[in-house]
Amino acid sequence: MRERLERAGQPHLLRFWAELGPAEREALLGPLALLEPEELAAHCHLAAQAYAHQQQPCPEKLDGRMEPLPPGVVGSVGSGEPEALQRWEEEGLRQISQGKVAALLLAGGQGTRLGVPYPKGMFDVGLPSHKTLYQIQAERIRKVEQLAGQKFGSRCLVPWYIMTSEFTLGPTEKFFRDHHYFNLDESNVILFEQRMLPAVSFDGKVILEEKGKIAMAPDGNGGLYRALVDHKILQDMQRRGVQFVHVYCVDNILVKMADPVFIGFCVSKGADCGAKVVEKAYPAEPVGVVCCVDGAVQVVEYSEIVAETAEERSPDGRLVYRAGNICNHFFSLDFLREVAEQFESQLTPHVAIKKVACVDEEGRRVAPLKPNGIKLEKFVFDVFPFAKNFVAFEVPREEEFSPLKNADTAARDTPTTARRSILSQHYRWAVKAGGRFVAEGGQPIPEKESFAQDEEPPAVCEISPLVSYFGEGLEKYIRGKNLPSPFLLDESKAEFLALPEAGQLNFGEKVPISFKN
């Protein structure tokens with residue numbers, strides 16, 4: 001190992017070797033044994049080179065090379081064509097009923113910004129039901145399976161692949177076991193782990209986090225493509241008959257699992273790769289834009305263009321570059337296989353400058369006060385340029401995108417904003433279905449058709465995904481009924497409300513509860 005590290009230019013990693021016990025030595029050698037000296041040297045050189053390029057005073061901008069996506073490859077929920085939406089939804093449900101659709105969750109993040117010591121999927125944002133993100137997503141899978149089965153008279157399964165990291169694999173496995181996989185078939189929930197890469201100092205040296213431990217970090221959600229090969233996930237998908245994969249990030253509380261409309265749109269267009277997008281809220285919003293650069297589709301970050309380009313508007317007043325990327329994608333299995341076999345090695349890593357815990361020359365652990373390390377990561381959307389038939393699908397932000405990234409001390413993307421988003425959505429569903437919300441004294445709560453993004457809904461309403469996937473079928477439960485606030489419509493309450501003899505739901509009324517599964 002000394003000889004290998006000399007060849008890689010990293011002999012300092014063994015400088016505390018004599019002070020380590022057998023277990024510490026084994027822990028140190030483990031990650032190093034997985035990296036060939038040439039691979040380690042190339043990784044460190046690339047990290048230092050990318051960092052130096054990023055520090056250039058005038059980084060190259062992409063403005064002159066950009067064009068918006070051609071209208072022919074863009075679909076929209078708000079297209080004003082209900083027949084098209086219905087057609088796409090039916091096509092998506094058909095593919096699901098035939099077992100051709102899988103969901104793939106990117107869940108390697110540690111929840112550092114959220115301020116919790118466990119994976120984000122285990123987080124409870126404070127809904128009346130106290131369901132976690134993992135439970136909400138599992139129940140949406142169960143419901144879309146049910147909808148496709150009812151539509152086409154077959155038993156449906158949507159395999160759920162979950163890519164974790166070294167940090168999240170163990171806790172996630174235990175969480176699912178402890179909750180009996182939320183009543184999904186255990187064999188249909190497939191967890192696998194992405195690779196880890198060493199963090200590197202600005203001068204190209206691997207950072208020691210402790211005397212016997214290298215500072216490692218996940219290789220980004222674009223590490224998906226190597227992980228699919230490492231863990232034979234593509235073969236597993238093929239064995240199950242999967243042809244289309246819905247890939248998404250764990251933190252979006254509004255995500256539609258294996259969304260039939262999105263799947264149907266992409267399949268109908270013959271797409272090998274697709275992305276859901278939302279309209280940018282304002283020109284400087286720090287969200288990547290899906291557009292064309294030199295004729296190829298890619299995601300361009302706000303920092304890669306000048307303000308004038310971001311502010312450019314069409315004759316209708318909308319931003320020209322408005323297709324905000326939300327990490328919600330469609331891939332054909334054939335395209336994923338092609339990426340894994342041909343294109344993964346061509347993906348350019350992105351630089352993340354981080355504070356990385358390290359040891360000083362005496363071996364004392366140091367928590368740096370300012371960034372001191374480079375983490376290289378790839379992004380899942382880096383493969384867009386390789387698509388032969390790319391499509392984008394625009395969806396309303398208030399219905400489909402509310403990420404959970406930060407603690408409540410931040411201004412956006414917090415537990416409060418995520419909770420507000422889903423409660424607002426469910427309030428709109430209930431009102432549209434004919435429900436009336438009343439205060440504790442029985443007085444009607446005035447309805448509001450719309451309210452500001454930072455405004456709480458007039459009433460607190462949560463609807464279980466097992467009752468309704470996306471607002472459908474609620475009339476039989478709540479039309480013409482007075483609903484208290486807070487109101488939780490779960491499976492047992494829906495069963496009661498659907499009975500012909502059930503009247504209005506009033507305060508103090510005894511409701512029969514059945515505990516299932």
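Residues numbered from 1 in each chain as written. Predicted model: local features only at pLDDT ≥ 70, side-chain atom pairs only at ≥ 80, totals over all residues. Heavy atoms only, no water.

Draft legend 1. Molecular detail of helix α8 (residues 233-240). Listing the buried residues of α8 in full gives I233, L234, D236 and M237. Burial along α8 is one-sided: seen end-on, the buried residues are contained in an arc of 160 degrees. Exposed residues on α8 whose side chains face more than 90 degrees from its buried face are Q238 and R239. Those residues of α8 that are buried are in contact with β3 (101-106), β4 (160-164), β5 (189-193), α7 (224-230), β11 (244-249) and α11 (333-343). (Buried < 20%, exposed > 50% of the residue type's maximum accessible area, 1.4 Å probe, protein only. Helix = DSSP H or I, 4+ residues; strand = E, 2+ residues; numbered from the N terminus. Arc of directions from axis to C-beta. Contact = heavy atoms within 4.5 Å.)

Draft legend 2. Representation of the packing of aromatic side chains in the model. Summed over the entire model, instances satisfying the criterion amount to 21 aromatic pairs. When the ring of F379 is compared with that of F381, the centres are 5.3 Å apart and the planes differ by 50 degrees; the resulting orientation is tilted. You can call F381 buried: its relative accessible area is 12%. An angle of 50 degrees between the planes, with centres 4.9 Å apart, marks the rings of F384 and F390 as tilted. The residues F384 and F390 share a single accessibility class, namely buried. Through successive ring pairs, a cluster of aromatic residues spans W88, F244, F262, F265, F330 and F393. The cationic tip of K256 hangs over the ring face of F470; the distance from NZ or CZ to the ring centre is 3.9 Å. (Phe/Tyr/Trp six-rings, centres within 6.5 Å; stacked < 30°, edge-to-face > 60°. Lys NZ or Arg CZ within 6 Å of the ring centre and 35° of its normal.)

Draft legend 3. The pattern of salt bridges, seen in detail. Applying the stated criterion across every chain yields a total of 34 salt bridges. Its salt-bridge partner being K276, residue D259 comes within 2.7 Å of it at the nearest N-O pair. Here the residue D259 occupies a position in the loop between β11 and α9 (260-268), and K276 occupies one in strand β12 (residues 273-279), the gap between them amounting to 17 residues. K276 shares its class with D259; the two are buried. Ionic contacts of the salt-bridge type, sharing partners, join the residues E209, E210, K213 and R365 into one network. (Salt bridge = Lys/Arg side-chain N within 4 Å of Asp/Glu carboxyl O.)

Draft legend 4. Here's a closer look at the packing of helix α4 (residues 82-97) against α9. Taken N-terminus to C-terminus, the directions of α4 and α9 make an angle of 95 degrees; their axes are 6 Å apart at the nearest point. Between α4 and α9, the crossing angle belongs to the class labelled roughly perpendicular. Touching L85, W88, E89, E91, G92, L93, Q95 and I96 of α4 are P260, V261, I263, G264, F265, V267 and S268, all from α9. Here the contact of α4 with α9 is composed, by residue class, of nine nonpolar, four polar and two charged. (Axes fitted to C-alpha atoms, helices over the stretch in contact; angles between N-to-C directions. Parallel < 35°, antiparallel > 145°, perpendicular 65-115°, else oblique. Nonpolar A, V, L, I, M, F, W, Y, C, P; charged D, E, K, R; others polar.)

Draft legend 5. Region of the structure containing the side chain of H329. Following the sequence through the fold, H329 ends up in strand β15 (residues 323-332). On the basis of relative accessibility, which here comes to 0%, the residue H329 falls in the buried class. Ignoring anything within four residues of it in the chain, the contact list for H329 reads V245, H246, V247, F262, G274, A275, V380, F381 and F384.

Draft legend 6. Inspection of α11 at higher detail. Among all positions in α11, only L333, F335, L336, E338, V339 and F343 are buried. Those residues of α11 that are buried lie in contact with α7, α8, β11, β12 and β15.

Draft legend 7. Local environment of empty space enclosed by the protein. Counted under the stated rule, the structure contains five cavities of 30 Å³ or more. In this model, the largest cavity occupies a volume close to 60 Å³. Those elements that place two or more of their residues in the lining of the largest cavity are α5 (133-152), α13 (415-432) and β22 (461-463). The dominant element in the lining of the largest cavity, judged by the number of residues it contributes, is α13, at three residues. For the lining of the largest cavity, a count of residues per class yields seven nonpolar, three polar and two charged. Built from parts of two domains, the lining of the largest cavity gets at least three residues from each of domain 1 (62-392) and domain 2 (415-498). Of the volumes computed, that of the second largest cavity is approximately 40 Å³. Lining the second largest cavity, in full, are R140, L254, V255, K256, Q425, W429, Y469 and F470. The class makeup of the residues in the lining of the second largest cavity is five nonpolar, one polar and two charged. (1 Å grid on protein atoms, 1.4 Å probe; cavity = no way out; pocket = protein on both sides within 12 Å on 5 of 7 lines; lining within 4 Å. Points joined across faces, edges and corners; volume = space filled by probe spheres on them. Domains from an automatic or database assignment.)

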